[in-house]
Amino acid sequence: MKTFQVRQSLHYDLMIAAGSEQEAILKAGVIPLTQWETERTDITAELIDETEEIDDY
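The structure displayed is predicted, hence computed values, not measured ones.

Draft legend 1. Main features of the environment of Ser9. Residue position: Ser9 is located in strand S1 (residues 2–13). Excluding its chain neighbours within four sequence positions, the residues that come into contact with Ser9 are Arg40, Thr41 and Asp42.

Here it is in C-alpha cells:
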C-alpha cells in the first residue's frame, strides 16, 4: 500500500511599483486576491509511505 500527500498550489501574478523587495511584499499582503491574475495551478503528489504486506506462514 502506498500513501501519497497531494498539494494544490495556485500561483498569482501582480505588478506592483515599489522601492524595494520588502516594500513590494508588504504592499502585496494587503491587496485582495480578486485583484490578482491567476497564472497557473500546480498539483503535486509526494510518496510519503510505502509498505509491503507480509504474508503470515
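We are not done yet, so read on.
Draft legend 2. Summary view of the pattern of salt bridges. With the rule as written, the count across this model stands at five salt bridges. With its nearest N and O atoms 3.5 Å apart, the salt bridge here joins Glu23 to Lys27. In this pair, Glu23 and Lys27 both sit in helix H1 (residues 21–28), four residues apart, roughly one turn of the helix. A cluster of three or more residues bridged by salt bridges with shared partners is formed by Glu39, Arg40 and Asp42.

Draft legend 3. Representation of a nonpolar patch on the surface in the model. A grouping of Phe4, Val6, Ile43 and Leu47 is seen on the molecular surface, where their side chains present a nonpolar patch of about 410 Å² in accessible area. Mapped by element, the contributors of at least two residues to the nonpolar patch are S1 and strand S2 (37–50). By secondary structure assignment, the location of Val6 is in strand S1.

Rules behind the numbers
- Throughout, a residue's number is its position along its own chain's written sequence, starting from 1.
- The model is predicted, so local features are restricted to residues of pLDDT at least 70 and side-chain atom pairs to those at 80 or more, both for listing and for counting; the totals for chains, interfaces and linings are taken over all residues.
- Only hydrogens and water are set aside; all other atoms, that is, all heavy atoms of the structure, feed into the side-chain values.
- Numbering of helices and strands starts at the N terminus; helices are DSSP runs of H or I of at least 4 residues and strands are runs of E of at least 2.
- Residue contacts are defined here by distance: any two heavy atoms, one from each residue, within 4.5 Å place the two residues in contact.
- A carboxyl oxygen of Asp or Glu within 4 Å of a side-chain nitrogen of Lys or Arg is what we treat as a salt bridge.
- In this scheme, patches are assembled from residues that exceed 30% relative accessible area and form no salt bridge. Like charges are connected within 9 Å, while nonpolar side chains (Val, Leu, Ile, Met, Phe, Trp, Tyr) are connected within 5 Å.
- All accessible areas in this document rest on Shrake-Rupley with a 1.4 Å probe, and a residue is counted as covered only by the protein chains that are shown.

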